[in-house]
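Close look at the chain arrangement
Residues per chain, in single letters:
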Amino acid sequence: MFTDYLLGRLSAEDRDRVEREYLADDSLHQEIIAVESELLDSYVRGELSVDEQKYLVGNLGPAVTERIQFARALGRVMGTLKSERLVAHRIRPRWTTVFSIPLRVQVAAACLGMVLFAVVALNRWPASSPRVPVPDPPLVAPIERRVPTIDAVLFPVERSVGQQESVTLPHDARIITLQLVVSSHDYPGYVAKLDALDGSWSRTLTGLHLSQNAAGERVAEFQIDSTQVKPGDYRIALSGVRGSTEDLVAGYVFRAKTE
Amino acid sequence: MSRDRVGSGVTAERFDRLMAALDPDRGRAAQAYESLRQRLLTFFRLSGFPEAHDLFDKTMDIAARRLSEIQIDNLGAFITVIAQNVRFEAMRDRKRMVSLTGQSERAEELFPDRQEAERQEQAFDCLNRCLERLDVGQRSLVLEYYKYAKAEKIASHQKMAATFGTTPGTLRVRAYRVKQKLEDCVRHCMSVDK
């Protein structure tokens, strides 16, 4: 209704009703100017008819030029974000487009089996080296990311437990264990993206699963060799994976342990 | 908000009565006045009167005068009716002006062409700077909310509203407030760079 009002599509009677409503209710007034702002975005994207453009722009007021400049600038920023997302899609390994999904699952299962075998074998190996090998390649088949990389850094914006989203990794231990304690989600798998705040290092850890620790917490845990990271601050974004979709999740805290 | 904003026809006594009718508490009355002012300015602007301050002043002058003459039970509804009448008169006056001059203001004439490309580039630079100044939460909200168009936008907003545990309408206003902050920042940045 607000869209129709702002584009001059309402009858005089309906128009009068909308006006009385938002003049009496400040929350409706807030909403109508928010809708107007979104319509201005539509205008700069060329989504409005000529008549709608004239009606909308004719009512923008004295700051019309600045408002259109701002809408265009914002549209350009959004366009940049979208193109980053397209690039993220494009750089997926070619085999993901060649193999069918059932085949990928079988390949992933085979890879997982091999990794598990390797882990068991290493545990039985004499402790000639204190280093624990860090699984660099993903444990399961790469997941088609619906979310641009930049979102993973910026999102989620709220957490139900704690507010901190960066963690300081210690540098005096060889193995750092990071635990993500998940409070309110239950996905079959999780993906964690870890980024150095200065942008110098980034890694996506796939194939994480929740397990219950002695304290009864549901924890997704992974290890990093300290020689691979610099001391400093890192940011974590956690996504839940169900089927071929990934959802950035809130409601978790993380802690770092050293060995 | 000050008495000066109300036209010269209103005495201090009438103005005080108007404020008391909005709310007996002086501080809350000032907030109510400002909220009412914003709504009326939107109302006049969306009715085709971009320079709406005069019409707002006229509306409040009449409201203050009438308040001293009669008992008003619903002040909001009363002011709405006055504003509609003020707009009606302004439209009538404008029609008269248009028939005298033989032309009306067109939307296209509002766009100056000169240096447009440079100003647009400047707006883009300013916006990037202003985005950096936002905290992470606000930045991610505004970038996520305004990223998509058409059907994708609707789906994205529904998903975001579910994530935030709020309604799409509330989320829209919340995103808009951040956007408004950005817009103000860009306007300031451009005025400094000018």
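The coordinates are above.
Since this is a predicted model, take the numbers as computed values, not measurements.

1. With respect to the overall build of chain B
Helix and strand content of chain B: 8 helices and 0 strands. Relative to its 194 residues, chain B shows a buried fraction of 44%. Look at the contacts in chain B between residues 6 or more apart in sequence, and 57% of them connect residues 24 or more apart. Per element, the accessible surface of chain B, about 10,900 Å² overall, is 50% carbon and sulfur.

2. A closer look at the packing of helix α3 (residues 26–44) of chain A against helix α2 (residues 26–46) of chain B
Remark: α3(A) packs on α2(B), axes separated minimally by 10 Å, with the N-to-C direction vectors making an angle of 45°. Put simply, α3(A) runs oblique to α2(B). Here α3(A) runs over α2(B); the crossing is left-handed. Between α3(A), through A:Asp26, A:His29, A:Ile33 and A:Glu36, and α2(B), the contact on the second element is made entirely by B:Ser35, B:Gln38, B:Arg39, B:Thr42, B:Arg45 and B:Leu46. When grouped by side-chain class, the residues that make up the contact of α3(A) with α2(B) number 2 nonpolar, 4 polar and 4 charged.

3. Quick look at the pattern of salt bridges
Under the definition given, this model contains 26 salt bridges over all chains. As a salt-bridge pair, A:Glu36 and B:Arg45 come within 2.7 Å of each other at their nearest N and O atoms. Taken together, the residues A:Glu36 in helix α3 and B:Arg45 in helix α2 connect one chain to another. Across the pair A:Glu47 and A:Arg45 runs a salt bridge, and its minimum N-O distance is 2.8 Å. Overall, A:Glu47 belongs to the partly exposed group, its relative accessible area being 29%. If you follow the salt bridges from partner to partner, you end up with A:Glu36, A:Arg67, B:Arg45, B:Glu183, B:Asp184 and B:Arg187 in one network.

4. Focus on the interface of chain B and chain A
Across the contact, 60 residues belong to chain B and 59 residues belong to chain A. Carbon and sulfur atoms supply 59% of the area buried between chain B and chain A, which totals about 5,400 Å² over both sides. Three residues stand out in chain B for area buried against chain A, namely B:Arg39, B:Leu46 and B:Lys147, and they jointly supply 12% of the buried area on that side. At the junction of chain B and chain A, the tally comes to 9 salt bridges. The tally of links between chain B and chain A comes to 17 residue pairs in polar contact (both at pLDDT 80 or more). Within the residue set of the side of chain B that touches chain A, elements represented by two or more residues are α2, α4 (75–101), α5 (116–133), α6 (136–145), α7 (150–164) and α8 (168–193) of chain B. Among the elements that take part in the side of chain B that touches chain A, α8(B) stands out by supplying 12 residues, more than any other. Considered class by class, the residues forming the side of chain B that touches chain A number 26 nonpolar, 12 polar and 22 charged.

About the criteria used
Residues numbered from 1 in each chain as written. Chains lettered and ligands numbered in written order. Predicted model: local features only at pLDDT ≥ 70, side-chain atom pairs only at ≥ 80, totals over all residues. Heavy atoms only, no water. Helix = DSSP H or I, 4+ residues; strand = E, 2+ residues; numbered from the N terminus. Buried < 20%, exposed > 50% of the residue type's maximum accessible area, 1.4 Å probe, protein only. Contact = heavy atoms within 4.5 Å. Areas by Shrake-Rupley, 256 points an atom, 1.4 Å probe, with all protein chains shown as cover. Axes fitted to C-alpha atoms, helices over the stretch in contact; angles between N-to-C directions. Parallel < 35°, antiparallel > 145°, perpendicular 65-115°, else oblique. Left-handed = near helix turned anticlockwise from the far one by under 90°. Nonpolar A, V, L, I, M, F, W, Y, C, P; charged D, E, K, R; others polar. Salt bridge = Lys/Arg side-chain N within 4 Å of Asp/Glu carboxyl O. Buried area = accessible area lost by both parts, 1.4 Å probe. Polar contact = N/O pair within 3.5 Å; in protein donor to acceptor, adjacent residues only side chain to side chain.

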